[in-house]
2 protein chains.
Amino acid sequence: MSRILLVDDDTQLLRALRINLSARGYDVLTAADGGTALTLAARTPPDLVIIDLGLPDLDGVTVVEGLRGWTRTPIIVLSAREAEAAKVAALDAGADDYVTKPFGMDELLARVRAALRRATAHDAGPAALTTRDFTVDLAARRVTTAAGAEIRLTPTEWHLLEILARHPGKLVGHRHLLHEVWGPAYDTETNYLRVHFANLRRKLEPDSAAPRYIRTEPGLGYRLTPD
Amino acid sequence: MSRILLVDDDTQLLRALRINLSARGYDVLTAADGGTALTLAARTPPDLVIIDLGLPDLDGVTVVEGLRGWTRTPIIVLSAREAEAAKVAALDAGADDYVTKPFGMDELLARVRAALRRATAHDAGPAALTTRDFTVDLAARRVTTAAGAEIRLTPTEWHLLEILARHPGKLVGHRHLLHEVWGPAYDTETNYLRVHFANLRRKLEPDSAAPRYIRTEPGLGYRLTPD
DNA sequence: GTACGGCGTGAAGAACGCGTCAAGATCACC
DNA sequence: GGTGATCTTGACGCGTTCTTCACGCCGTAC
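Predicted, not measured: the structure shown is a model, and the values here were computed from it.

Reading the values: the criteria
All chains use their own residue numbering, which begins from 1 and follows the written sequence. Written order decides the labels, with chains lettered from A and ligands numbered from 1. Restriction of local features to residues with pLDDT of at least 70 applies here, the model being predicted, together with a cutoff of 80 or more for giving and counting side-chain atom pairs; totals for whole chains, interfaces and linings are based on all residues. The basis for every side-chain value is the complete set of non-hydrogen atoms in the structure, without hydrogens or water. Here the term cavity refers to a set of points on a 1 Å grid, laid over the protein atoms alone, in which a 1.4 Å probe fits but cannot get out; the term pocket refers to an open set having protein on both sides within 12 Å along at least five of seven lines, with lining residues being those that place an atom within 4 Å of a point. Grid points are joined across faces, edges and corners, and a volume is the space filled by probe spheres set on the points. Comment: elements are numbered from the N terminus, with helices defined as DSSP H or I runs of at least four residues and strands as E runs of at least two. Asp, Glu, Lys and Arg are counted as charged, while Ala, Val, Leu, Ile, Met, Phe, Trp, Tyr, Cys and Pro are counted as nonpolar; the rest, among them Gly, fall into the polar class. Note on definitions. A residue lies near a molecule or strand when any single heavy atom of the residue is within 4 Å of it. As used in this structure description, the phrase polar contact means that two N or O atoms lie within 3.5 Å; if the pair is within protein, one of them must be able to donate a hydrogen and the other to accept it, and residues adjacent in sequence are counted only when both atoms belong to side chains. Between rings of Phe, Tyr and Trp, where Trp is taken as its six-membered ring, a pair exists when centres lie within 6.5 Å; planes separated by under 30 degrees are stacked, by over 60 edge-to-face, and by other angles tilted. Here a helix's expected span is defined as the number of its residues, less one, multiplied by 1.5 Å. Per-residue accessibility, obtained with a 1.4 Å probe over protein chains only, is compared with the maximum for each type, and a residue is labelled buried under 20%, exposed over 50%, and partly exposed between these values. A contact between two residues is defined here by any heavy atoms of the two lying within 4.5 Å. For any pair of parts, buried area is found by adding up, for both, the accessible area (1.4 Å probe) each one loses once the two are put together. Every case where a carboxyl oxygen of Asp or Glu lies within 4 Å of a side-chain nitrogen of Lys or Arg is listed as a salt bridge.

S.K.: So what about empty space enclosed by the protein? Which residues, and what values?
M.R.: Applying the stated criterion across every chain, the model contains 1 cavity of 30 Å³ or more. Estimated volume of the largest cavity: approximately 110 Å³. Looking at the largest cavity, the residues that line it are Arg 141, Arg 142, Val 143, Glu 150, Ile 151, Arg 152, Leu 153 and Trp 158 of chain A together with Leu 171, Glu 217, Leu 220 and Arg 223 of chain B. Put simply, the parts of the chain that give the lining of the largest cavity at least two residues each are β8 (142-145) and β9 (150-151) of chain A. A breakdown of the residues in the lining of the largest cavity according to their chemical character gives 6 nonpolar, no polar and 6 charged.

Have a look at this one:
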């Protein structure tokens, strides 16, 4: 799991945080002042740093700058200071987030999750919808077969598929589809939907006569079922 | 500069934010409800989203989930709700930050800077893109053949190629390309794209009649496929 | 049984987007 | 002030895509 470096001279708070973070499965390192924080971070690089602004030796902002000199590890700053200038200074020094004391533990944990998610999202796959027979890559705007071959779609076909793919499993009404693709003036042209979905099925469905993914809800609309 | 999508039904606040952000050189889009926010974001992808939780049509968290279905654009949530549960829900839905109203403008701007800084440092991507026939060196602004000979590109050609190379494999829309190279006033001049991409293909593609790397997606845009 | 509405097909012409070429216009550089 | 490169603009042919219509099928209602 992720390693978190905790920097604070308030032993009470340090203890509380350590317990809560450890309980969530995080690997926790602690430092009571800025100097040891910097050397510790250099020796065993953490995945995230939580740092209090009020340290005995260095200013918290200085520590943030020190870290930012060589790493982009997420940094969450804790502080009792409400002053806006302090927040701006810390954020501009390179901090990712600024939490004012007193804070709720759940909130801090959520912010920790958000920061870590961002940092690791790097390696995560692209936003896509996958079925047994094809993959809809929404980010790249591309559809590929399970084997990896590209499926060519016309603009209208893609547009329709995109709308369904953004609401997987959900029913999308005729009006919504027509509105989105053709505009408000085409609310009644359900003909268009039939023609284009027929073409889509021919390209995507293994057996377009018995659609498995692009389902018709008679009188209502269409639905894309991932599996 | 960066494009920011602002979602709020409070016209007062919307106006204040728009003015402040525009003054900092950001390109600001606005939406008054969740539905238009989602379609707007899909049509012209923003670099950052600021969204109020209390919207007339959809719950803010729903909008965050809708965006996270296909993009990792930073999202800053605004809300009058102090409740910790609301913060946790929004952050876990994929939001990057949560700011409680009333907030200081300077703080929000600092958080915007922090979010954008992260995202662009992140997106920097690879410094070069290599195919079997040529190499695009983004750092050196140079294109060379596989043999190492330099390929001379005009400024416009380079600009177009650079945009494609920064999003390898992804479809880049007409509007995005025109916006980036010629500015907002040239949204409909797809003619330019055809001419310049034809020239690019003549210089890069082994057989410009059957393009292998610079692919056309009719009606949508272009795509650079490394192999 | 029959009429009807909704759906899926197929095929036609119209409309559109694309690549190409070539001729000015513009710009940078000498 | 001239020269070459680059960008803009318009026109053309071609292939693709969209629209439109007609037809057959299948349920349900009567």
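Let us keep going from here.
S.K.: Tell me about the protein's contact with DNA strand D, residues and numbers included.
M.R.: For DNA strand D, the set of nearby residues contains 16 residues, the closest of which are Thr 156 and Tyr 192 of chain A together with Thr 154, Thr 156 and Tyr 192 of chain B. The share of sugar and phosphate among atoms of DNA strand D within 4 Å of the protein is 87%. One nitrogen or oxygen atom from the side chain of Thr 156 of chain A is found 2.3 Å from a phosphate oxygen belonging to DNA strand D. Thr 154 of chain B has a polar side-chain atom sitting 2.7 Å from a phosphate oxygen of DNA strand D. Looking at the surface near DNA strand D, its residues break down into 8 nonpolar, 6 polar and 2 charged.

S.K.: Quick rundown of the packing of aromatic side chains? Include the residues and the values.
M.R.: Applying the stated criterion across every chain, the model contains 8 aromatic pairs over all chains. Residues Tyr 186 of chain B and Tyr 192 of chain B carry aromatic rings whose centres are separated by 6.0 Å and whose planes lie at 45° to one another, so their mutual orientation is tilted. An aromatic cluster is defined as three or more aromatic residues linked by ring pairs; in this entry it consists of Trp 182, Tyr 186 and Tyr 192 of chain A.

S.K.: Please provide a residue-by-residue account of helix α6 (residues 155-166) of chain A, values included.
M.R.: Across its 12 residues, α6 of chain A extends 16 Å between first and last C-alpha, which sits within 8% of the 16 Å expected from 1.5 Å per residue. When α6 of chain A is considered as a whole, its buried residues turn out to be Glu 157, Trp 158, Leu 160, Leu 161, Glu 162, Ile 163, Leu 164 and Ala 165 of chain A.

S.K.: Which residues make up the interface of chain A and chain B, and what are the values?
M.R.: Across the boundary between the two partners, chain A contributes 34 residues, which contact 38 residues of chain B. With both sides pooled, the region where chain A packs onto chain B buries about 3200 Å², and carbon together with sulfur makes up 46% of that total. Contact with chain B buries surface across chain A, with Glu 84, Arg 118 and Arg 141 of chain A losing the most and accounting together for 16% of the total. At the boundary of chain A with chain B, the tally comes to 9 salt bridges. Note that Arg 113 of chain B is salt-bridged to Asp 92 of chain A, the shortest N-O span being 2.8 Å. The tally of links between chain A and chain B comes to 24 residue pairs in polar contact (both at pLDDT 80 or more).

Function cannot be inferred from these measures alone, as they are strictly geometric.
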